[in-house]
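Per-entry structural report
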Amino acid sequence: MTETHPFQGKVLCDECHELGEGPVWDFLHGRAWWFDILGKRLWEYDPETGERRSHALPFMGSVLALIDDKRQLIASDQGLFLRDVATGTLTRHAELEPEKPGNRSNDGRVHPSGALWIGTMSKKAEPEAGAIYHVAGTTVTRIIDRIGIPNAICFSPDGAIGYYTDSKVNHLMHIPLDPATGLPVGPASVLVDGTSMRGVFDGSVCDAEGTIWNARWDGACVDRYAPDGTHLARYEMPTRRVTCPAFFGKAADRLLVTSCHEGLDAAGRAEDPLSGTTFDLGVTVAGRQEPLFRL
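Here is a short report on the structure shown in this document. Along each chain, residue indices are assigned from 1 in the same order as the chain's sequence is written. Per-residue local features are limited, in this predicted model, to residues with pLDDT of at least 70; the limit for side-chain atom pairs, both in listing and counting, is 80 or more; totals at the level of whole chains, interfaces and linings are taken over all residues. The side-chain numbers reported here are obtained from all heavy atoms of the structure, hydrogens and water having been left aside.

Looking now at the overall build of the protein chain. In terms of regular secondary structure, the protein chain is built from 1 helix and 25 strands. Our radius of gyration looks at C-alpha atoms and nothing else; its globule reference is 2.2 Å times the residue count to the power 0.38. Over its C-alpha atoms the protein chain spans a radius of gyration of 17 Å, differing by no more than 12% from the 19 Å that the globule rule assigns to 295 residues. Referenced to the eigenvectors of the C-alpha coordinate spread, the extents of the protein chain come out at roughly 45 × 40 × 40 Å. Three labels apply to residues, based on accessible area from a 1.4 Å probe with only protein chains included: buried if under 20% of the type maximum, exposed if over 50%, partly exposed otherwise in between. Counting across all 295 residues of the protein chain, residues that qualify as buried make up 56%. Taking the contacts inside the protein chain whose residues are at least 6 apart along the sequence as the reference set, 47% of them involve residues at least 24 apart. Charge convention: Lys and Arg are scored as positive, Asp and Glu as negative, and His as well as the terminal groups of each chain are ignored. Lys charges are placed at NZ, Arg charges at CZ, Asp charges at CG and Glu charges at CD. Each charge sign in the protein chain was given a centre, from 29 positive and 40 negative side chains, and these centres are 3 Å apart. In this description a helix means any DSSP run of H or I spanning at least four residues, a strand means any run of E spanning at least two, and both kinds are numbered starting from the N terminus. In this description, contact between two residues means that some pair of their heavy atoms is separated by no more than 4.5 Å.

Below you can see the structure in the form of structure tokens.
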């Protein structure tokens, strides 16, 4: 039987984001970063001091990858950009989908090889309008096509398995990869069919033990799955629309979880007052540092 744990965490940031997403732990500077995609802002949080800052963006950013102590990579609706950590200066790195101006980036994560997986979707969330891309340096390769809302992108510790979902389909998929490159070496298959469960698969992260932590959008929880798809545990959240988890802290042994209020009217937000806030799940996890993106 799946273990269910009541929420024992806390709010890290009470700013209500319309679409909080893309958290990542920056071990180089001891900061957590995440986005309000629709608000066009990048958030920075210091868990040692509790200080947080927001940075305005000229686009809808959704994923931040670490490069080194001076540079970051940001995926957005206008392509891929390098960001100077000290000044915030943005420089175009590569195009993503210039032929699809109605699309934007969504979920993504860096593979252990140093390549980025980044998903795209229609800004109107149209079915099958997006894709998942593999980015190695400036080389962008489409690897999974006809995706509605790409989410749950993460990788086994050895880099041999990739995970992802199309939230419109609600299947958690797994696919064999070349650990040296992060490119698929076989077809994808369904690991978990989520269609009978409340909510949908959203963002995921894979821990050092190979288990998958998944935010259940509209399900008010974070679920933990074994590599074989066994549902190990459910961690309840005090808001329904949780979006993405990330390890954070000096030992990367805590779990930060973003959420959103996108699509809620005034009555819906009143019923779910913590929608859009950012949380510490309140559990100790076998986390991992995010790999650096290789230019």
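This next bit is on the sheet that holds strand 17 (residues 171-176). In short, DSSP must find at least two bridges between two strands for them to pair. Strand order in this open sheet of 4 strands is 15-16-17-18, and the pairing throughout is antiparallel. Two strands lie at the open edges of the sheet, namely strand 15 (150-155) and strand 18 (189-193), each paired on one side alone. Geometrically, the sheet is characterised by an average inter-axis angle of 25 degrees between neighbouring strands, direction not taken into account. Summarising the sheet, strand 16 (residues 161-166) and strand 17 pair through 6 bridges and their orientation is antiparallel. From the neighbouring strand, Tyr-164 faces strand 17, where its bridge partner is Met-173. Angular values range over 0 to 180 degrees, each being the angle between N-to-C directions of two axes fitted as lines to C-alpha atoms, with helices fitted over their stretch in contact.

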